[in-house]
Amino acid sequence: MAIIHRTTLKPTKLELLTDWLPTRPWYVGGGQPELSRPGGFRLDDPEGEVGIEFMVALDTSGAAPVAYHVPLTYRGAPLADAGHALVGTTEHGVLGTRWVYDGCHDPVFQAQLLALFAGRAQAQAQSLTDTPDHEVTHACTGPAPTAPARPATVTDTASGTTLPTADGTILRIHRRLTPGPHPADALGHVTGAWQSPEGDRTRAVFATLVPGEHG
């Protein structure tokens, strides 16, 4: 069970993302983002070592707001061979230095997201300890997905992030959140919610499983 501490982060998560987001191929802003955190959820690491957050980062710097899905993992030591995935480091008021990673590259994130698809993990509230988030829904058809092959090839494109699983299906992380149904080719999906600038609860697909090249 992840414990949510009421303490300080220096720099904050949003401050780290303000510099990192514009370096991503799926970022559509024209300059420095203006970010808020209107929603998301967490998953627990069974070993209790890694924080796992599915953050919605809302950018209001452009003509229309854009909701980005930014999965992050938080570690007490660097993740080996993952310097390319490091978002930054921050000083946590209780836990000390935390290394913040793009979760798509973190094997603990990969395994727990696939467990969520299969119903083996429970989504947790973003800011409350030991509180299930029942707004998060999931579905999976066919056999339960298995952890990505090692090493998993994580690919960022203008539309999102993909990585293969061990059984040949593709895990697709939706980076720009758009309300609507899951794609027709999806073998599984995870859907979450956030607060829109108008004050409404908005839902969108955060991640899908789709057939692989030979699926």
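Above this text is the structure in question.
The sections below set out a description of the structure shown in this document. (Residues numbered from 1 in each chain as written. Predicted model: local features only at pLDDT ≥ 70, side-chain atom pairs only at ≥ 80, totals over all residues. Heavy atoms only, no water.)

### Focus on the overall build of the protein chain
Put simply, the rule reads: Think of it this way: any DSSP run of H or I at least four residues long counts as a helix, any run of E at least two long counts as a strand, and we number them from the N terminus. When we talk radius of gyration, it's over C-alpha atoms, and the globule rule is simply 2.2 Å times the number of residues to the 0.38. For every residue, the accessible area obtained with a 1.4 Å probe (protein chains only) is divided by the maximum for its type, and the residue is called buried under 20%, exposed over 50%, and partly exposed between those limits. Residue exposure ignores everything except the shown protein chains as possible cover, and the areas themselves are Shrake-Rupley values with a 1.4 Å probe.
A count of helical and extended segments in the protein chain gives 2 helices and 13 strands. Against the globule reference of 17 Å for 215 residues, the protein chain gives a C-alpha radius of gyration of 16 Å, in line with a compact fold. Its C-alpha atoms give the protein chain principal-axis dimensions of roughly 45 × 40 × 35 Å. Counting across all 215 residues of the protein chain, residues that qualify as buried make up 47%. Accessible surface for the protein chain amounts to roughly 10,000 Å². Of this, 53% is attributable to carbon and sulfur atoms.

### Digging into the nonpolar core
Generally speaking, soluble globular proteins have nonpolar side chains that are buried together. Basically, it comes down to this: Grouping buried Ala, Val, Leu, Ile, Met, Phe, Trp, Tyr and Cys residues that are joined through side-chain atoms within 4.5 Å yields what is termed a nonpolar core. Contacts between residues were defined by any pair of non-hydrogen atoms, one from each residue, lying within 4.5 Å.
Of all hydrophobic cores here, the largest spans 30 residues; its most connected members are Phe-41, Leu-113, Leu-116, Phe-117 and Leu-171. Elements with a minimum of two residues in this core: β2 (35–43), β3 (51–59), α2 (107–117), β11 (170–174), β12 (188–195) and β13 (201–210). Counting residues per element, this core draws most heavily on α2, which supplies 7 residues. Not counting residues within four places of it along the chain, the set of residues in contact with Phe-117 comprises His-138, Ala-139, Cys-140, Pro-145, Leu-171, Gly-188, His-189, Val-190, Ala-207, Thr-208 and Leu-209.

### Topic: the pairing of β3
Using the following cut-off: Strands pair, by our definition, only if DSSP identifies at least two bridges between them.
Of all 9 residues in β3, 9 are buried, a share of seventy percent or more. Side chains Gly-51, Glu-53, Met-55, Ala-57 and Asp-59 of β3 all project onto a buried face; the interleaved residues Ile-52, Phe-54, Val-56 and Leu-58 project onto the opposite face, where all are buried too. As paired elements, β2 and β3 share 7 bridges and run antiparallel to each other. Directly across from Ser-36, in β3, lies its bridge partner Leu-58. Two elements, β3 and strand β4 (residues 66–75), share 9 bridges in a ladder whose sense is antiparallel. Looking at β4, one finds that Ile-52 is bridged to Thr-73.

### A word on unusual backbone geometry
With an omega of -5 degrees, the peptide bond between Lys-10 and Pro-11 qualifies as cis. With respect to the helices, strands and loops of the structure, Pro-11 is situated in the loop between β1 (9–10) and α1 (13–20). Of note in the backbone geometry, Asp-81 takes a positive phi value of approximately 60 degrees without being a glycine. By the element assignment, Asp-81 lies in the loop between β4 and β5 (86–92). Residue Asp-81 is classed as exposed on the basis of its relative accessible area of 77%. Of note, the phi angle at Asp-130 is positive, near 55 degrees, even though the residue is not glycine. If you trace the backbone, Asp-130 turns up in the loop between β7 (124–125) and β8 (137–140).

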